[in-house]
Amino acid sequence: GAGVSQSPSNKVTEKGKDVELRCDPISGHTALYWYRQSLGQGLEFLIYFQGNSAPDKSGLPSDRFSAERTGGSVSTLTIQRTQQEDSAVYLCASSLTQGRAYGYTFGSGTRLTVV
Amino acid sequence: DQQVKQNSPSLSVQEGRISILNCDYTNSMFDYFLWYKKYPAEGPTFLISISSIKDKNEDGRFTVFLNKSAKHLSLHIVPSQPGDSAVYFCAASAKGTYKYIFGTGTRLKVLA
């Protein structure tokens, strides 16, 4: 596609439920990143994929968070047993290489609200 | 420990005047810096970058200045336009790494 596509755009879930957030990067982009932005906070790095492998998962806040990427394309971020502090905008980004010179292209994000 | 800081959460500027957004960092290993602009309900969009080998980079109305000794960078927008009203994030990356560390953002409002 022309840009990074994320779905759903909004998700309201009950505390304790599992959620899956999807990211469809720009075709051909090998690097994929997940960030989140909590209210009043900056963008917090979660995980980085190069192809299908995730060399850096250090930003995942707890073992309730996991992510995978298949076919070097679509990525899914899963949050199990959601908590209210998981409420945030989850942003996916992709880049051709590691994006140092030109940064990443971000999607519009998924706004997750845990009630 | 916040490695990238934007200490001004908001800024209002009159249309046609200069907007100056500031960013400080603590990690001396950072050698690449970006500015992103974010409108509500949209993802951040890349605006301008600067490498640590430079102290200035200009692109149209946007200029980024880097002061390595002070670990400070700034984004100048001249002249400011109402369409520039957005949240601006600075981000920094260290050589040999792939991820950017973002600041908390500054909300710029350009008044017509």
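Anything mentioned here points back to the structure above.
A brief look at the structure comes next. (Residues numbered from 1 in each chain as written. Chains lettered and ligands numbered in written order. Predicted model: local features only at pLDDT ≥ 70, side-chain atom pairs only at ≥ 80, totals over all residues. Heavy atoms only, no water.)

Comments concerning the state of the cysteines
Heads up, the condition is: Count a disulfide wherever a pair of cysteine sulfur atoms falls within 2.5 Å. We count a stretch as a helix when DSSP gives it H or I for four or more residues in a row; a strand needs E for two or more, and each element gets its number in order from the N terminus. Only protein chains enter the area calculation, which uses a 1.4 Å probe; residues under 20% of their type maximum are buried, those over 50% are exposed, and those in between are partly exposed.
If you walk through the whole model with that rule in mind, you get two disulfides over all chains. The disulfide partner of Cys23(A) is Cys92(A), and the S-S distance across this bridge is 1.9 Å. Taking the sign of the S-S torsion, -65° for the link of Cys23(A) and Cys92(A), the bridge is left-handed. With a gap of 69 residues between them, Cys23(A) in strand S3 (residues 19–24) and Cys92(A) in strand S9 (residues 88–95) connect regions that are remote in the sequence. Across the pair, exposure class does not vary: Cys23(A) and Cys92(A) are buried alike. Put simply, Cys23(B) and Cys90(B) are joined by a disulfide, and their sulfur atoms are 1.9 Å apart. As the torsion about the S-S bond is roughly 65°, the Cys23(B)-Cys90(B) disulfide counts as right-handed. Taken as a pair, Cys23(B) in strand S3 (residues 19–25) and Cys90(B) in strand S9 (residues 86–94) lie far apart in primary sequence, 67 residues in all. Here Cys23(B) and Cys90(B) have matching classes, each one buried.

As for the sheet that holds strand S1 (residues 5–7) of chain A
Residues and elements named next belong to chain A. Threshold: Strand pairing is assigned whenever DSSP detects at least two bridges linking the two strands. In this analysis an axis means a line fitted to C-alpha atoms, helices contributing only their contacting stretch, and an angle means the value between N-to-C directions, from 0 to 180 degrees.
Overall, antiparallel pairing links the four strands, which are arranged S1-S3-S8-S7 in an open sheet. Edge strands, defined here as strands with exactly one partner in the open sheet, are S1 and strand S7 (65–69). Within this sheet the neighbouring strands show an average axis-to-axis angle of 15°, counted without direction. Of the pairings in the sheet, the one linking S7 to strand S8 (residues 75–79) comprises five bridges and is antiparallel in character. Note on S8: the bridge partner recorded for arginine 69 is serine 75.

With respect to the nonpolar core
Applicable threshold: For this analysis, a nonpolar core means a set of buried residues of the types Ala, Val, Leu, Ile, Met, Phe, Trp, Tyr and Cys, connected via side-chain atoms within 4.5 Å. Any two residues having at least one pair of non-hydrogen atoms within 4.5 Å are treated as being in contact.
By size, the foremost hydrophobic cluster in this structure holds 24 residues, and its most contacted members are Phe30(B), Phe33(B), Trp35(B), Leu73(B), Leu75(B), Ile77(B) and Tyr88(B). Secondary-structure elements contributing two or more residues to this core are S3, strand S4 (30–38), strand S5 (45–51), strand S7 (62–67), strand S8 (72–77), S9 and strand S11 (106–111) of chain B. Top element by residues in this core is S9(B). It accounts for five residues. With residues near it in sequence (within four places) discarded, Tyr88(B) still touches Gln6(B), Leu21(B), Trp35(B), Tyr36(B), Lys37(B), Leu47(B), Leu75(B), Ile77(B), Gly105(B), Thr106(B) and Leu108(B). By size, the runner-up hydrophobic cluster in this structure holds 20 residues, among which are Ala31(A), Tyr35(A), Tyr104(A) and Tyr100(B).

The values are spatial; any link to function lies outside them.
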